[in-house]
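Next come the chains, spelled out residue by residue.
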There are 2 protein chains.
Amino acid sequence: MSADTGDLSKETFDVGGVRLSAVESGIRYNNRLDLVLVELAENSAISGVFTKNAFCAAPVSVAKQHLEASSSRYFLINTGNANAGTGEAGVLDAERCCRELSALAGVNATQVLPFSTGVIGERLPVEKLVSALPELYESLDSSAWLAAATGIMTTDTRPKMASKRIKIAGTSVSITGIAKGSGMIKPDMATMLAYVFTDIDLEQSVANALLHDAVEQSFNRITVDGDTSTNDCCMLAATSKSGLVYGALTQSDRDQYMLELNAVFSELATGLIRDAEGATKFVTVTVCDGATSEECLQVAYTIAESPLVKTALFASDPNWGRILAAVGRAGVPDLDIGNVAIYLGDLLIAVNGGIAPAYREELGQLEMDKEDIVVTIKLGRGSASETVWTSDLSHDYVRINADYRT
Amino acid sequence: MSADTGDLSKETFDVGGVRLSAVESGIRYNNRLDLVLVELAENSAISGVFTKNAFCAAPVSVAKQHLEASSSRYFLINTGNANAGTGEAGVLDAERCCRELSALAGVNATQVLPFSTGVIGERLPVEKLVSALPELYESLDSSAWLAAATGIMTTDTRPKMASKRIKIAGTSVSITGIAKGSGMIKPDMATMLAYVFTDIDLEQSVANALLHDAVEQSFNRITVDGDTSTNDCCMLAATSKSGLVYGALTQSDRDQYMLELNAVFSELATGLIRDAEGATKFVTVTVCDGATSEECLQVAYTIAESPLVKTALFASDPNWGRILAAVGRAGVPDLDIGNVAIYLGDLLIAVNGGIAPAYREELGQLEMDKEDIVVTIKLGRGSASETVWTSDLSHDYVRINADYRT
């Protein structure tokens, strides 16, 4: 797909109080940025959401503990190895990395949060990481966004960044985020690795609430393959360096800030889908007129995760019967199919339990030939509505995931 | 995969009171058996389970009505067109076919049950079917099992049959079944098209109970892609022509009969998986030591339907981290990963939340190189156990489903 997000020609704004660096430490591959450090100003408000996978990775449990214990100053992120399924030894490995960095930086080990992504079930090559730390620490730079976004990539084909600089109440504030992820993606309260930085002043409880709301409408609404990673993390860090205090803003200024913050999250989340493993289509599934949000999501995810729908999308085949079958099996209680309407783009396809009278295959084909496809289901049961984003299932998805470790 | 089920060298036993035929009616393709008729002796006990998909196909609703209304004498089955998503017109089409056949056979239209499988959302070419009915009716034969099993195939690469002849209480009884299906397979109380015939005498309530139990342990334990068809049907017909009366048997003779009946269902169900679209592996997922059957099934299906697990299976890659991640996201409440053990075949892979100390990649590779792979998860929470069968996700799955209509 064309690089219509993470567009490198767009400006990435620095965020006061944030410095970054990335180096090649050779964790899994040579000549590849695979170790990233983010430094945050003292007293930043930092909020995180983490995978709900019961087999959460060692760095996830360590990061959660450290986040509770102290005011975080560093994110240390490696790719190539997820340090997951590694038991107690993995926890000690993650802690060792934090300790080594804290000694260099003159902070407590608990002020370092570790993140890992890559292959599950292999011990982290700690010595390689540790040897690279001095160079990593020395090269911290307030503009190294592209290097950091590149350094957290695994099967991603391009770095994902989103950035805004806005003026609120006369003060300029930045919001810049980076994210990685293109497979094993179905977030459950958090997702993949994503880091959003802003130089507004946020109280901790407000940071938590803003992160939760933003994630709920972005990373928690995407799916590539229904698989939830053991290492998902999404962090929001607010350094307060712009001097703007969120708590002192009018409601309308707060709303403006929230809107921009959510836009950064959405841009990162949909960017993951556009770069999903093997993806040739960007698919928006909206389910509306439902009785509850839950049933709308249930139908939307059943469509978005159906291998048959996804292969039809890959083939640009207006085989809408597969969409209809997915709606029918989604488990909505007492669904009256006579009230259900199915659209491809603006084209009404199915209604009254059958083909729409005006539907013609050529019209369906025109919609399916597009790279961005919108599927809308009206359930005719109420006023709830939900949207999820997904990709198609292509030969390349199989190739990438059958070859990943070889 | 090798044709290790549906083995055509195995004998298929005729069932007293059952005759079959298959013809080429050109519904979708030429030179292909696509219309099948089964005739059942008068007063046979006939039981059916049908898809729970809310968008159930027209023939499914007609078959359910007819089954309630009278004693069925004929199953009329077509492939190439599912007559699903066709609204009221589709119901009229299905009824027309039943009426035309009933006129030929001298029975009531409600004594004919219609079944369709194939593309969803197109009108059934009724005239083609109707013109083929006389030849179909004339060619009824008590030995035409292979033709019938072939005539119900869609993307199946081979016919599926299972057959037993056993002696119970001195009387010889036959159980013979045919089935089709290799994609859009995750049954919900019923599955695909499957027909099992026996010449024992069964009361209706017993037929219902035996069918329900057999399906629960066979067709309701398989998944290819998690997609439930709009046209799933599974029928059991007992003609009583052997003279053996189930109700008069001792408990031990009943148990023997049940065992053989269940074996026919299992052979048909696992036969579908062995011929699943693009399948190169036959995968058994057993989850045991669970607190409830429900949580065992939840974990088993999460593994069996994970695209990442399935692509690793296709690659023969012992990437067991993906299995572990699937267990972790299955949603078992308060799962203590310290008690979970994961096996490939007899090889202990993960324990205590991490890699088993004795595990070596070469040993995992040996297990993954096999064509029949057994994954066992011990949850360490109780004594419930469940098994499901599935296939891998290959390039051919994508090719078949991206090309299906073209």
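Scroll up to find the structure this text is about.
All values derive from a computational prediction rather than experimental measurement.

Undergrad: Explain the interface of chain A and chain B to me, and be specific about the residues and the numbers.
TA: The interface of chain A with chain B comprises 51 residues on the first partner and 52 residues on the second. For the pair chain A and chain B, the summed buried area comes to about 4300 Å², and 64% of that belongs to carbon and sulfur atoms. Run the count over chain A and chain B and you get zero salt bridges. The interface formed by chain A and chain B contains six residue pairs in polar contact (both at pLDDT 80 or more).

Undergrad: For the packing of helix H11 (residues 395–403) of chain A against helix H11 (residues 395–403) of chain B, give the residues involved together with the corresponding values.
TA: Taken N-terminus to C-terminus, the directions of H11(A) and H11(B) make an angle of 175°; their axes are 9 Å apart at the nearest point. By the angle between their axes, H11(A) is roughly antiparallel relative to H11(B). Within the contact between the two elements, H11(A) uses His395(A), Val398(A) and Arg399(A) and H11(B) uses His395(B), Val398(B) and Arg399(B). Considered class by class, the residues forming the contact of H11(A) with H11(B) number two nonpolar, two polar and two charged.

Undergrad: Hey, could you go over helix H8 (residues 307–314) of chain A for me, with residue numbers and the actual values?
TA: Residues and elements named next belong to chain A. Buried residues dominate H8, accounting for seven of its eight residues. Those residues of H8 lying buried are Pro 307, Leu 308, Val 309, Lys 310, Thr 311, Ala 312 and Leu 313. Two residues or fewer after H8 comes Ser 316, characterised by a positive phi angle close to 50°.

Undergrad: Break down the pattern of salt bridges for me, citing the residues and quoting the values.
TA: Here the idea is simple: oppositely charged side chains can pair when their charged atoms come close. Residue and element names in this part refer to chain A. What the rule picks out here adds up to 26 salt bridges over all chains. Of the charged contacts in the structure, one is a salt bridge between Asp 93 and Arg 123, with a shortest N-O distance of 2.7 Å. With Asp 93 in helix H2 (residues 87–105) and Arg 123 in the loop between strand S5 (112–119) and helix H3 (126–138), the pair connects residues that are 30 residues apart, well separated along the chain. Among the salt bridges present, the one from Lys 160 reaches Asp 275, with a minimum N-O distance of 2.6 Å. Residue Lys 160 is located in strand S6 (residues 160–168), and its partner Asp 275 is located in the loop between helix H6 (251–274) and strand S11 (282–290); the two are separated by 115 residues in the primary sequence. Like Lys 160, the residue Asp 275 is buried in the burial classification. Where salt bridges share partners, they join Arg 96, Glu 100 and Glu 127 into one cluster.

Undergrad: Go over the nonpolar core, please, and point to the residues and values.
TA: In terms of nonpolar packing, the biggest core is built from 84 residues, with Phe219(A), Tyr257(A), Phe219(B) and Tyr257(B) touching the most fellow members. Counting residues in each nonpolar core, the second largest holds 70 residues, with Ala300(A), Leu324(A), Val375(A) and Val388(A) among its members.

Undergrad: For the side chain of Glu386(A), give the residues involved together with the corresponding values.
TA: Mapping Glu386(A) onto the fold places it in strand S16 (residues 384–391). Engagement of the side chain of Glu386(A) in a polar contact is seen with the side chain of Ser293(A), the distance being 3.4 Å.

Undergrad: How would you summarise the side chain of Asp34(A) if you had to cite specific residues and measurements?
TA: In this structure, Asp34(A) sits in the loop between strand S1 (18–23) and strand S2 (35–40). Those residues in contact with Asp34(A) that lie beyond four places of it in its chain are Val23(A), Glu24(A), Ser25(A), Gly26(A), Ile27(A), Arg28(A), Tyr29(A), Ile77(A), Asn78(A), Thr79(A) and Gly151(A).

Undergrad: Residues and numbers for the packing of aromatic side chains, please.
TA: All names here are of chain A. This model, assessed by the stated rule, comprises 16 aromatic pairs over all chains. Summarising the aromatic geometry, the rings of Phe 75 and Phe 197 are spaced 6.2 Å apart at their centres and angled 35° between planes, so their arrangement reads as tilted. Of this pair, Phe 75 sits in strand S4 (residues 74–81) while Phe 197 sits in strand S8 (residues 193–198), and the two are 122 residues apart along the sequence. Its relative accessible area of 0% is what places Phe 197 among the buried residues. We note Arg 274 situated over the ring of Phe 282; from NZ or CZ to the ring centre the distance is 3.9 Å.

Undergrad: Please provide a residue-by-residue account of the sheet that holds strand S14 (residues 354–355) of chain A, values included.
TA: Residue and element names in this part refer to chain A. Taken in spatial order, the seven strands of this open sheet run S9-S16-S11-S15-S12-S13-S14, and their pairing is mixed. The strands lining the two open edges of the sheet, one partner per strand, are strand S9 (222–223) and S14. When strand S13 (residues 347–351) meets S14, the two strands line up antiparallel, connected through two bridges. Considered in S14, the bridge of Ala 350 is made with Ile 355.

Undergrad: Pulling in residues and values, what's your account of the relation of the copies chain A and chain B?
TA: Between the two copies of the chain lies a rotation about an axis combined with a shift along it. When chain A is fitted to chain B, the best match, at an RMSD of 0.0 Å, comes from turning it 180° and sliding it 0.0 Å along the axis. One copy is carried onto the other by what is essentially a two-fold rotation axis. When C-alpha distances to the rotation axis are compared across chain A, the minimum falls at His395(A), with a value of 2.9 Å. Interface residue correspondence from chain A to chain B reaches 100%, placing this contact among same-surface, isologous pairings.

Cut-offs used in this document
- Numbering of residues starts from 1 in each chain and follows the order in which that chain's sequence is written.
- Chain letters and ligand numbers both follow the written order, the letters beginning at A and the numbers at 1.
- A pLDDT threshold of at least 70 governs which residues receive local features in this predicted model, and a stricter bar of 80 or more applies before side-chain atom pairs are shown or counted, although totals over entire chains, interfaces and linings include all residues.
- To obtain the side-chain values, all non-hydrogen atoms of the structure were used and water was disregarded.
- A contact between two residues is defined here by any heavy atoms of the two lying within 4.5 Å.
- Buried area, as used here, totals the accessible surface that two parts lose on assembly, with accessibility defined by a 1.4 Å probe and the loss added over both.
- Here, a salt bridge means any Lys or Arg side-chain nitrogen found within 4 Å of an Asp or Glu carboxyl oxygen.
- Side-chain atoms alone can form a polar contact between residues adjacent in sequence; in general such a contact is a pair of N or O atoms within 3.5 Å, and within protein one must be able to donate a hydrogen while the other accepts it.
- Between N-to-C directions, angles span 0 to 180 degrees; the directions come from axes that are lines fitted to C-alpha atoms, helices contributing only their stretch in contact.
- The secondary structure listing takes helices from DSSP runs of H or I that are at least 4 residues long and strands from runs of E that are at least 2 residues long, numbered from the N terminus.
- Throughout, the term roughly parallel applies to angles under 35 degrees, roughly antiparallel to angles over 145, roughly perpendicular to angles from 65 to 115, and oblique to all others.
- Nonpolar residues are Ala, Val, Leu, Ile, Met, Phe, Trp, Tyr, Cys and Pro. Charged residues are Asp, Glu, Lys and Arg, and all others, Gly as well, are polar.
- Partly exposed residues are those whose accessible area sits between 20% and 50% of the maximum for their type, while under 20% is buried and over 50% is exposed, using a 1.4 Å probe and protein chains only.
- Side-chain atoms within 4.5 Å are what join buried Ala, Val, Leu, Ile, Met, Phe, Trp, Tyr and Cys residues into a set we call a nonpolar core.
- Here is the rule: rings of Phe, Tyr and Trp (six-membered ring for Trp) pair when centre to centre is within 6.5 Å. Planes less than 30 degrees apart are stacked, more than 60 are edge-to-face, and the remainder are tilted.
- Whether a charge sits over a ring comes down to the Lys NZ or Arg CZ being within 6 Å of the ring centre and within 35 degrees of the ring normal.
- Think of it this way: DSSP has to see at least two bridges between two strands before they count as a pair.
- For the least-squares superposition of copies, only C-alpha atoms count, and only for residues with pLDDT at least 70 in both.

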